Amino acid sequence: MPLFIESPAHPDVPPAPRPLAPGAVVLPGFGTAVGEALLDTIASLAVQAPFRHMCTPGGRQMSVGMTNCGQWGWISDRQGYRYSALDPDSDRPWPELPAFFLALATTAATAAGFTGFTPNACLINRYAPGTQLSLHQDKDERDFTAPIVSVSLGLSAMFLFGGTRRAAPAQRVPLAHGDVVVWGGPARLFHHGISPLAKGCHPLTGGLRFNLTFRRAG
Ligand code: SIN
Ligand code: FE2
């Protein structure tokens, strides 16, 4: 007989991981304990490297506000999608990846079965109501052996998680403040995106959602 019966209502028992596909899992609430600290730190990082709306190679302005921290920052402009060690708006290096950001990403990856994840890039996304991110693959990294770790903060959003083919049917996965998604291995190149953000009010972010995406860029 088990000595301890897990109860979903018990506050000390973390919610169970929710598998999405082989290599992909949602870790509900994995980042909640540091959520407020992450948001405070995002605010100070954005003083050094402000959020901006980048241009796609096709010339459209992205509705998601973006900035980066870490050795490499993801950028988009008329020349294409790529990683840059310098913030093109200031020609200065991106702010350093804070140690507790790194710790969260590594422990989340480990919890998802990917040990030894040491990201060197952290894309910070900001969504206002109506903002969306269409289905895409994260494929600008130099090798695909490292997973992607994605942390949701503030307003909830509908995450779309498809497959290798863009036309593959996408699962609709609601993500709340503190939820972490990890995808790697056979799911590393799966298409994903965010449905237009619904209006709302979150006690920590008001009408906004933030997302941190940790990657091993190069
Ligand atoms: C991304 O794919 O870069 C971000 C996904 C998210 O905002 O949850
Ligand atoms: Fe992505």
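This write-up is about the structure you can find in this document. Keep in mind it's a predicted model, so treat the numbers as computed, not measured.

Notes on helix H1 (residues 35-48)
- For H1, spanning 14 residues, the distance from its first C-alpha to its last is 20 Å, which sits close to the expected 20 Å at 1.5 Å a residue.
- Residues of H1 that are buried: Gly 35, Leu 38, Leu 39, Thr 41, Ile 42, Leu 45 and Ala 46. Buried residues of H1, seen end-on, are gathered within an arc of 165 degrees and therefore sit on one face of the element. Seen from the open side of H1, the exposed residues pointing more than 90 degrees away from its buried face are Asp 40 and Val 47.
- Tucked into the core, H1 has its buried residues touching strand E3 (65-69), helix H2 (99-111), strand E8 (121-127), strand E10 (148-154) and strand E15 (209-215).

As for H2
- For H2, with 13 residues, the first-to-last C-alpha span of 18 Å sits near the 18 Å given by 1.5 Å per residue.
- The set of residues buried in H2 consists of Phe 101, Leu 104, Ala 105, Ala 108 and Ala 109. Seen end-on, H2 carries its buried residues on one side only, within an arc spanning 125 degrees.

Here's the deal with the pairing of E15
- E15 sits mainly inside the fold: seven of its seven residues count as buried.
- Here E15 shows two buried faces, one formed by Arg 209, Asn 211, Thr 213 and Arg 215 and the other by Phe 210, Leu 212 and Phe 214.
- Relative to E15, E8 runs antiparallel, the two sharing seven bridges. Bridge pairing links Ile 124 to Leu 212 in E15.
- Where E10 meets E15, six bridges bridge the pair, whose relative direction is antiparallel. Each residue of the ladder has a partner; that of Gly 154, found in E15, is Arg 209.

A few points about the packing of aromatic side chains
- Applying the stated criterion to the full structure yields eight aromatic pairs.
- With a centroid separation of 5.9 Å and 55 degrees between ring planes, the pair formed by Phe 51 and Phe 210 is classed as tilted. Note that Phe 51 is positioned in the loop between H1 and E3 and Phe 210 in strand E15, a separation of 159 residues in sequence. Across the pair, Phe 210 and Phe 51 agree in class, each one buried.
- With centroids separated by 5.2 Å and ring planes inclined at 90 degrees, the aromatic side chains of Phe 100 and Phe 101 adopt a geometry described as edge-to-face.

Quick look at the packing of H1 against H2
- Where H1 contacts H2, the axes come no closer than 11 Å and their chain directions differ by 130 degrees. Taken together, the axes of H1 and H2 are oblique relative to one another. For the element pair H1 and H2, the recorded crossing hand is left-handed. Within the contact between the two elements, H1 uses Ala 37, Leu 38, Thr 41, Ile 42 and Leu 45 and H2 uses Phe 100, Phe 101 and Leu 104.
- Class assignment for the residues of the contact of H1 with H2 results in seven nonpolar, one polar and no charged.

Thresholds applied
- Residues numbered from 1 in each chain as written.
- Chains lettered and ligands numbered in written order.
- Predicted model: local features only at pLDDT ≥ 70, side-chain atom pairs only at ≥ 80, totals over all residues.
- Heavy atoms only, no water.
- Helix = DSSP H or I, 4+ residues; strand = E, 2+ residues; numbered from the N terminus.
- Expected span 1.5 Å × (residues − 1).
- Buried < 20%, exposed > 50% of the residue type's maximum accessible area, 1.4 Å probe, protein only.
- Arc of directions from axis to C-beta.
- Contact = heavy atoms within 4.5 Å.
- Pairing = 2+ DSSP bridges.
- Phe/Tyr/Trp six-rings, centres within 6.5 Å; stacked < 30°, edge-to-face > 60°.
- Axes fitted to C-alpha atoms, helices over the stretch in contact; angles between N-to-C directions.
- Parallel < 35°, antiparallel > 145°, perpendicular 65-115°, else oblique.
- Left-handed = near helix turned anticlockwise from the far one by under 90°.
- Nonpolar A, V, L, I, M, F, W, Y, C, P; charged D, E, K, R; others polar.

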